[in-house]
Structure formats: structure tokens, C-alpha cells
Amino acid sequence: MENTDHPLNSVREVYVELLKKALLNTIYKDPVIEQATLPRWKTRLSRLLLGRDVKLFSVRHYDSELRDRGIDWPSSAHTMIGVQRMDNLRHCLCKIIEENIPGDFIETGVWRGGASIFAKGIFDVYGQGERRVWLADSFEGLPKPNPVDYPEDAGDEHYKLDILRVGLDEVRANFASYDLLDDRVLFVKGWFKDTLHTLSIDSISVLRLDGDMYESTIVALDALYGKVSIGGFVIVDDYCISSCAKAVHDFRERHHIQDQIMPIDGTGVYWQKLSDRCADSL
């Protein structure tokens, strides 16, 4: 990255900040939408009156504090990770550019694609034409829990949430709406257990995990951590979920990873990979 006093850097900063606001929709302040949870008798009545496939949602007004912390589910914004986690992603991406840390960006669990769109925009505006952006997702929502292999996920109900089911075509269209869709954006469709271990990605500068569950987190770490460059970053969006946090700690303990975990906003955490001591065991 060039001298920060150069006028071009001011233009870049303005673009990145505007892109962030657009992706978070802090400009137009869209309302929050949540899938409603009803008593069984109300659910049965709703299905009787409106059909078996009916889904009920509640809508609340925009709250800047919730959007800042990323603890609302926006009705139209292209990311739900909030201002603080977007700023953290920006920090990590700018750091690897500044220090010339090799590797691509990959996000495992992308929702509407906003965080990955942000990464692509930053790469483009800083002339990082050799870096690619990978989006790994089922594009069908979260998997049903597998309590036999991953008892930590027993009872997890994320798979029931229709708001988390965002199709590949919609995510591609979101990239295109920012003029950021090109051949350096790669979509990896399928369950992580079927796709990540055979992914042809050589090196990773920023690994962003957003899979919510123990299985989604541990599978992604098992498959991809060994490809994270020294000096690169690992971001865990859902560390506030106990099963996700346990997956992180189980993995780190198994591979003797001692790089310091840093909090972001009370929900997510990250660390910089400073040692490759665990490479032989991956």
C-alpha cells in the first residue's frame, strides 16, 4: 500500500467506506425481519388457513446500535455481520495487503455475500488483481445437525430458518450489482464436508468462518487452516455460539495453536497466524 498521504488513498478510503455502508444498508436503514416462533396451536391454525408451506415473519424498525454490533437480521442489506465486524474484515484485508501476505480470501458461510463482496471491492481498489475471492456455501441454508458425529450440535435448529437460505443466483446477482463479479470470484456450492477438503485453493491470506455450528466450523478449520499463510488471519464470526467456540478451542488445542484470540464485538473473534508449528499435523 502506498504513502497514506497520496490523494489516491483518500479516494480509496471514500470508496471502501461507502461500499461498507451500502452493504450494511446503514444509508437507507432497512427494517429487521425475523422468522416468527409461534405456539403449536397457532402454527397449526396458520397452516390450516394459509397453507402448509406458510412462513410467518415479524418486522421491526432499524436500530443503529444493533446494526453496529451485527445482531439484527436485515430485511434487504447484503450482510448481517454489522459495522464492527466489517471494520475488522477491512483491517485484516488491508494488513495482508500492506505486509504482502500471500493468498486468497475465502468465506465459509456467506448468506447474501456481503462480506465477500467487501473483500472483492477492497482487493480491486488496492490493485490486488492476483488475489481471488472464494465463497463456500450450500446456498440452501444450514445442514441438519449430525449429533452422532458432532454431539455439540444436538438440537441445533439453524436449518429450519428460511431467512438463511440464499441461493447462488441471488448471491451472484448481488456481486454484479456492485460491478464486482468476474472470473476471480469463485463459488463453491455444497456442504462443507463434501467440498472443502478437495478445494483447489493454494494459499489463504484471510479465512473467514461463518458456519454457526460445531460441524461447519471444525470441518472448515480441518480443511483450510493449513493453507493460511503465516501472517494471515482467521476470523470466526459466530464465536458467541458455544458449539462454534468449542470447535475453535478443540481445533486449536489439538494442533497446539497459541496465537492470541482477539475479540471483535462480543460476537466474533479473530487471530493472526504467526506460527506454522501445526502444519505437519494437518
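As a reminder, the structure under discussion sits directly above these lines.
Everything quoted here is computed from the prediction, not taken from an experiment.

The helix and strand inventory of the chain stands at 9 helices and 9 strands. Among the 282 residues that make up the chain, the fraction classed as buried is 51%. Within the chain, contacts between residues separated by at least 24 positions form 76% of all contacts whose residues are at least 6 apart in sequence.

To continue, consider the sheet that holds strand β8 (residues 262–263). If you walk across this open sheet you meet the 7 strands as β5-β4-β3-β6-β7-β9-β8, and the pairing is mixed. This sheet does not close on itself; its edge strands, each paired only once, are β5 (185–189) and β8. The strands touched by helix α4 (residues 82–98) within the sheet are β3 (104–108), β6 (204–209), β7 (228–236) and β9 (269–272), with β7 carrying the most contacts at an inclination of about 175 degrees.

Evaluation of the coordinates by the stated rule reveals 6 aromatic pairs. Look at Phe175 and Phe187: their rings are 5.9 Å apart centre to centre, the planes differ by 85 degrees, and that puts the pair in the edge-to-face class. Of this pair, Phe175 sits in helix α6 (residues 168–177) while Phe187 is found in strand β5, placing the two residues 12 residues apart along the sequence. Taken as a pair, Phe175 and Phe187 share a single burial class, namely buried. Pairwise contacts between aromatic rings join Phe139, Phe175 and Phe187 into one cluster. Taking NZ or CZ as reference, Arg252 lies 4.7 Å from the ring centre of Trp271, over its face.

Conventions adopted
- Residues numbered from 1 in each chain as written.
- Predicted model: local features only at pLDDT ≥ 70, side-chain atom pairs only at ≥ 80, totals over all residues.
- Heavy atoms only, no water.
- Helix = DSSP H or I, 4+ residues; strand = E, 2+ residues; numbered from the N terminus.
- Buried < 20%, exposed > 50% of the residue type's maximum accessible area, 1.4 Å probe, protein only.
- Contact = heavy atoms within 4.5 Å.
- Pairing = 2+ DSSP bridges.
- Axes fitted to C-alpha atoms, helices over the stretch in contact; angles between N-to-C directions.
- Phe/Tyr/Trp six-rings, centres within 6.5 Å; stacked < 30°, edge-to-face > 60°.
- Lys NZ or Arg CZ within 6 Å of the ring centre and 35° of its normal.

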